[in-house]
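# Summary of structural features
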Amino acid sequence: MTLTIAGLQHEGVAGDVDANLAIVAAAARDAAARGAQMLVTPEMFVTGYNIGERLAPLATPDLADRIATIASAEGIAIVAGLPEPVSGGGIANALVMIDRDGRELLRYRKTHLFGALDRSLFVPGDSLPATVELHGVRLSVLICYDVEFPETVRAAALDGADAVIVPTAQMEPYAHIAERLIPVRAWESQTHVVYVNRVGAEGDLSYVGRSSIASPDGTTLAALGPHDTGLLIATIDPETTRRARQENPYLHDRRTDLY
């Protein structure tokens, strides 16, 4: 079995949930028509990311249900970045993974908060995600800054992930993360990395685009430029992951007695 994933690189509409959900629905329809079985949005795409005080009123519990409605209507699994109200107060920078029938497979809260912006808006998650299986492909997730720590991707790989899906809102001056670090993360842990970013500007942030899907051998299967809007599509094949781990046995050869 394989899984064809489409990543949506888009600027979204800051603070307009209805507009952003309409963009997701149109992208889901397009992705399904092009043979994709999953659509991935950027980080916090449902509401916007850098929207300050406008965020709290938009962080409602029904957002995941609205994504599920789109997934079942269009017949495609969706990973969507959105805010999640936290019991006891605060908002998490979160994502949900919904299958094509509208069932929630996974929910994850960003564990590594980036700088003053993240810390002013969000409370951190306290656990890394489980690995789930879809169409015979094992998947894990991270959000933006999480992927910049090698331990997070390594943990997913050790849990058997064929692909780590990473909605992001990567901004200037960090284009080198998208260009250089993502293929390295894929190579060093022999797993696919699906990195889906924003474009355009939001508040004082200018996003760098450059979404990509990297293979376990470090090559790029699909990519978009710094200003492109649209879908990138590639197929995740567990056999590719298995072969990469045979040819480059980092996971097997680790000296865990030393570190």
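Structure: above.
Criteria and cut-off values
Residues numbered from 1 in each chain as written. Predicted model: local features only at pLDDT ≥ 70, side-chain atom pairs only at ≥ 80, totals over all residues. Heavy atoms only, no water. Helix = DSSP H or I, 4+ residues; strand = E, 2+ residues; numbered from the N terminus. Rg over C-alpha atoms; globule rule 2.2 N^0.38 Å. Buried < 20%, exposed > 50% of the residue type's maximum accessible area, 1.4 Å probe, protein only. Contact = heavy atoms within 4.5 Å. Phe/Tyr/Trp six-rings, centres within 6.5 Å; stacked < 30°, edge-to-face > 60°. Pairing = 2+ DSSP bridges. Axes fitted to C-alpha atoms, helices over the stretch in contact; angles between N-to-C directions.

Counting its regular elements, the chain contains eight helices and 14 strands. Computed over C-alpha atoms, the radius of gyration of the chain comes to 17 Å, within 12% of the 18 Å expected from 2.2 N^0.38 for 259 residues, which places it in the range of a compact globule. Overall, the C-alpha framework of the chain stretches about 50 × 40 × 35 Å when taken along its three principal axes. In the chain, which comprises 259 residues, the share counted as buried stands at 54%. Restricting to contacts in the chain with at least 6 residues of sequence separation, those with at least 24 account for 68%.

Enumeration over the complete set of coordinates arrives at five aromatic pairs. Arranged with centres 5.0 Å apart and planes meeting at 75 degrees, the rings of Tyr145 and Phe149 form a pair that is edge-to-face. The exposure class assigned to Tyr145 is partly exposed, which follows from its relative accessible area of 21%. Judged by relative accessible area, which is 26%, Phe149 ranks as partly exposed. Seen from their ring centres, Trp187 and Tyr250 are 6.0 Å apart, and the 85 degrees between their planes marks the pair as edge-to-face. Within this pair, whereas Trp187 is found in helix α6 (residues 175-189), its partner Tyr250 is found in helix α8 (residues 250-253), the two being separated by 63 residues in sequence. You can call Tyr250 partly exposed: its relative accessible area is 37%. Members of the aromatic cluster, each reached through a chain of ring pairs, are Phe114, Tyr145, Phe149 and Tyr174.

What follows deals with the sheet that holds strand β14 (residues 230-236). Strand order in the open sheet formed by six strands is β5-β4-β3-β2-β1-β14, and the pairing between neighbours is mixed. The open sheet has two free edges, formed respectively by β5 (104-109) and β14, since each of these has just one partner strand. Between one strand axis and the next, the sheet turns through 25 degrees on average, direction left out of account. Sheet topology places strand β1 (residues 3-9) next to strand β2 (residues 38-40); three bridges connect them, and they run parallel. Counterpart to Ala6 in the pairing with β2 is Leu39. Docked against the sheet, helix α1 (residues 17-33) engages β1, β2, β3 (77-85) and β14, running at close to 140 degrees with respect to β2. Each of β3, β4 (91-98) and β5 is contacted by helix α3 (residues 63-74), which is oriented at about 170 degrees to β3, the strand it contacts most.

Function cannot be inferred from these measures alone, as they are strictly geometric.
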